[in-house]
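Residue strings, one per chain:
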Amino acid sequence: MQCLRVHLRKPLQRWQLLRSGLRRFETTICTANILDSLKERGLVAQVSQPESALVQKLISGEKLGLYCGADPTARSLHLGNLLPLMVMLHFYLAGHDVFTLVGGATGKVGDPSGRSTERSAMEESQRLDNVAQIQGQLRAFFDSGLAYYRHKVGKTSSGRTTHTNNFDWWHDMKMLDFLAMYGKHIRVQSMLSRDSVSSRLNGQDGIGFNEFTYQILQAYDFYHLNKTHGVTIQVGGNDQWGNITAGIDLIRRTSSKATNQPFGLTVPLLTTSTGEKFGKSAGNAVFIDPQATTPFEMYQYFMHTTDEDVGKYLKMFTLLPVEHIEKAILSHTKNSKERLAQKLLAREVVDLVHGVGKGQDAETVSEVLFGSRKLQLAAVELIRIFREANILATCSRTLSLEQLIVDLTGCSKSEARRKVTQGSIYVGPERVKVVRNTDNLEQFYIDDQVLVLRVGKQKCFVAEVM
Ligand SMILES: Nc1ncnc2c1ncn2[C@@H]1O[C@H](COP(=O)(O)OP(=O)(O)OP(=O)(O)O)[C@@H](O)[C@H]1O
Ligand SMILES: N[C@@H](Cc1ccc(O)cc1)C(=O)O
């Protein structure tokens, strides 16, 4: 594997990070110690046994195939889904081949893993739309991840990506053929003992046969990818452990030891501060679809990371080398009010997910809205970044200041008047306090196209003048 030789000869690559404060740093995306490096980053919850056999393969430089699946239960992936994908990305950048899977078939059945209740049915058209969206996002994630990495380290080789849909091999599978071929290799005791099933069996409503059999579908997916593409590692969140081991069991029972030995690798489940799994079912998702969660909203989400979590998230959600992250955390703790580590995290994740430069755009929007520095941007740039953040307002040239405040804030006319006379209205890039109503706002326009209006210290509106 050529990429591996390059990595072994030159295990430490030079990265350049221009905007982070630390100019140069080194990364260790290197096939030989990738498992250790993922553990160091907090990205490994469990590895199937014998782990030493996997380590051996990595050390020997074997090029591996990995897969990770997502069901089309929503129109977009979310930040929780990114964690197993980050593991895949590390392997991909170290030269291994990654396979994504969208659950066109499994999405019809519903995974009981990590859930205490049955999923409600979804319209066929909705599911198909979700399949197409998620497949596009999986493709984009690896393209964008590679571009982001190349932006940091220069041109570099990677593995290959293949994007699959399990409906392709399930749609013409005949039940009798399946039972005859695989039925006896799938043991009912093991199925009953998996957490996803046993936890539901003790509950009031039990579990439907569809959800009970879900693990068989995922097990066969792993078997199929192992046989047809030599995929040896399945990656997932830790709630997928049972489904992953079901696949490992099936492959082991049906194959000779020598061929494509299977492994499972799970990432810890990201939970909210209240301990809930971070995801779409819990209704707390930050989506990677910019229509659902704009890059600016994602940036803001990460800006609110607690000091306690920021180092952990930097290791999990970015490709910045651990040594670099540790230095950044050290500088951060010297003056945590500046939120330097949160800024670094927010900018890097947005760049990685949405494309290089989008993190800087989000940071600029944030500085205009919440910063205290003088605004020095041209109107076209302001219009572009605020439109992308979906918070660009519009205003007519003919409006009085009070009417403008009513339109932008939704307050009453008398409230607007009070805000003006109390001195809480500031306009233009220089933040001029205006204490009287006026029809003459033109002097405050930026390039005759944009008006910035602040209400007190908290609220700021950027409006395109029509
Ligand atoms: N909070 C999380 N932390 C780590 N991994 C996660 C998290 N949420 C989902 N994943 C992982 O992302 C992969 C794809 O998940 P998928 O989209 O199928 O379900 P989900 O997001 O968990 O949805 P649901 O909330 O409906 O169960 C799985 O491997 C899953 O374990
Ligand atoms: N069961 C996984 C998605 C998945 C589906 C099929 C697979 O083969 C692999 C993973 C989940 O719900 O998160």
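The protein goes by Tyrosine--tRNA ligase in an unreviewed UniProt entry, where it is assigned to Lachancea nothofagi CBS 11611.

Caption draft 1: Looking closely at the site of ligand 2. Around ligand 2 sit 13 residues in total, of which Tyr67, Asp111, Tyr214, Gln218 and Asp221 are the nearest. Separating a nitrogen atom of ligand 2 from a side-chain N or O atom of Asp111 is a distance of 2.8 Å. Here a nitrogen atom of ligand 2 sits 2.7 Å away from a polar atom, N or O, in the side chain of Tyr214. Contact with the protein chains removes 88% of the 340 Å² of surface that ligand 2 exposes when unbound. Looking at the shell around ligand 2, its residues break down into 4 nonpolar, 6 polar and 3 charged.

Caption draft 2: Quick peek at the pattern of salt bridges. Under the defined criterion, the tally for this structure stands at 20 salt bridges. The salt bridge partner of Arg397 is Asp448, with a shortest N-O separation of 3.3 Å. Of this pair, Arg397 sits in the loop between strand S9 (392-395) and helix H19 (401-409) while Asp448 sits in the loop between strand S11 (432-433) and strand S12 (450-455), placing them 51 residues apart in sequence. With relative accessibility at 32%, the residue Arg397 sits in the partly exposed group. Where salt bridges share partners, they join Lys358, Asp361, Glu381, Arg384 and Glu388 into one cluster.

Caption draft 3: Inspection of the sheet that holds S9 at higher detail. Judged by pairing direction, the sheet is mixed, and its 5 strands sit side by side in the order S9-S13-S12-S10-S11 without closing on themselves. Pairing within the sheet leaves two strands with one partner each, and these edge strands are S9 and S11. Here 2 bridges tie strand S10 (residues 425-427) to S11, and the two strands are oriented antiparallel to one another. Bridging from a neighbouring strand, Tyr426 pairs with Lys433 of S11.

Caption draft 4: The pairing of strand S13 (residues 459-465), seen in detail. Of all the 7 residues making up S13, 6 are buried; the element is thus mostly covered by neighbouring parts of the structure. Inspection of the sheet shows S9 paired to S13 by 4 bridges, in the parallel sense. Looking at the pairing, Leu392 lines up with Val462 of S13. The antiparallel hairpin formed by S12 and S13 contains 3 residues in its connecting segment, where Gly456 sits at a positive phi of about 65 degrees.

Caption draft 5: View of the pairing of strand S7 (residues 233-237). Of all the 5 residues making up S7, 5 are buried; the element is thus mostly covered by neighbouring parts of the structure. Sheet topology places strand S4 (residues 65-70) next to S7; 2 bridges connect them, and they run parallel. Each bridged residue has a counterpart across the sheet, and for Tyr67 the counterpart in S7 is Gln234. Pairing between S7 and strand S8 (residues 263-267): 5 bridges, direction parallel. Bridging across to S8, Gly236 finds its partner in Thr266.

Caption draft 6: Highlighting the sheet that holds S8. The 6 strands are arranged S3-S8-S7-S4-S5-S6 in an open sheet whose pairing can be described as mixed. Two strands lie at the open edges of the sheet, namely strand S3 (46-47) and strand S6 (161-165), each paired on one side alone. In this sheet, S6 lies alongside strand S5 (residues 97-102) in parallel orientation, the contact comprising 5 bridges. If you follow Phe99 over to S6, its bridge partner there is Thr162. Against the sheet, helix H6 (residues 124-153) touches S4, S5 and S6, its axis set at about 170 degrees to S6. Its contacts with the sheet place helix H11 (residues 209-229) against S4, S5, S6, S7 and S8, and it is angled at close to 150 degrees to S4.

Caption draft 7: Molecular detail of the side chain of Asp71. Along the chain, Asp71 turns up in the loop between S4 and helix H4 (79-93). Side chain to side chain, Asp71 and Tyr214 meet in a polar contact 2.5 Å long. Discounting chain neighbours no more than four positions away, the residues touching Asp71 are Gly103, Thr106, Gly107, Asp111, Ile134, Tyr214 and Lys280.

Caption draft 8: Examining the packing of aromatic side chains more closely. Under the definition given, this model contains 15 aromatic pairs. Their ring planes at 65 degrees and their centres at 5.5 Å tell us that Phe302 and Phe317 sit as a pair that is edge-to-face. Placement of the pair is Phe302 in helix H13 (residues 295-303) and Phe317 in helix H14 (residues 307-317), with a sequence separation of 15 residues. Since its relative accessible area comes to 1%, Phe317 is described here as buried. Aromatic rings pair up to connect Trp170, Phe178, Tyr182, Tyr220 and Tyr223 into one cluster.

Caption draft 9: Spotlight on the packing of H14 against helix H16 (residues 340-354). At a closest axis distance of 10 Å, the pairing of H14 and H16 adopts a crossing angle of 30 degrees. Considering the angle they form, H14 stands roughly parallel to H16. Our pair here, H14 against H16, has a crossing hand that is left-handed. Residues Asp307, Val310, Tyr313, Leu314 and Phe317 of H14 touch H16, and the partners they reach there are Ala341, Gln342, Leu344, Leu345, Val349 and Leu352. Of the residues belonging to the contact of H14 with H16, the class tally is 9 nonpolar, 1 polar and 1 charged.

Caption draft 10: Broad picture of helix H12 (residues 241-254). Between the first and last C-alpha of H12 there are 20 Å, a value that for 14 residues agrees with the 20 Å anticipated at 1.5 Å per step. Every buried residue of H12 is accounted for by Gly242, Asn243, Ile244, Thr245, Ala246, Gly247, Ile248, Leu250 and Ile251. Elements in contact with the buried residues of H12: helix H8 (175-182), H11, S7 and S8.

Cut-offs and rules
Residues numbered from 1 in each chain as written. Chains lettered and ligands numbered in written order. Predicted model: local features only at pLDDT ≥ 70, side-chain atom pairs only at ≥ 80, totals over all residues. Heavy atoms only, no water. Near = heavy atom within 4 Å. Polar contact = N/O pair within 3.5 Å; in protein donor to acceptor, adjacent residues only side chain to side chain. Areas by Shrake-Rupley, 256 points an atom, 1.4 Å probe, with all protein chains shown as cover. Nonpolar A, V, L, I, M, F, W, Y, C, P; charged D, E, K, R; others polar. Salt bridge = Lys/Arg side-chain N within 4 Å of Asp/Glu carboxyl O. Helix = DSSP H or I, 4+ residues; strand = E, 2+ residues; numbered from the N terminus. Buried < 20%, exposed > 50% of the residue type's maximum accessible area, 1.4 Å probe, protein only. Pairing = 2+ DSSP bridges. Contact = heavy atoms within 4.5 Å. Axes fitted to C-alpha atoms, helices over the stretch in contact; angles between N-to-C directions. Phe/Tyr/Trp six-rings, centres within 6.5 Å; stacked < 30°, edge-to-face > 60°. Parallel < 35°, antiparallel > 145°, perpendicular 65-115°, else oblique. Left-handed = near helix turned anticlockwise from the far one by under 90°. Expected span 1.5 Å × (residues − 1).

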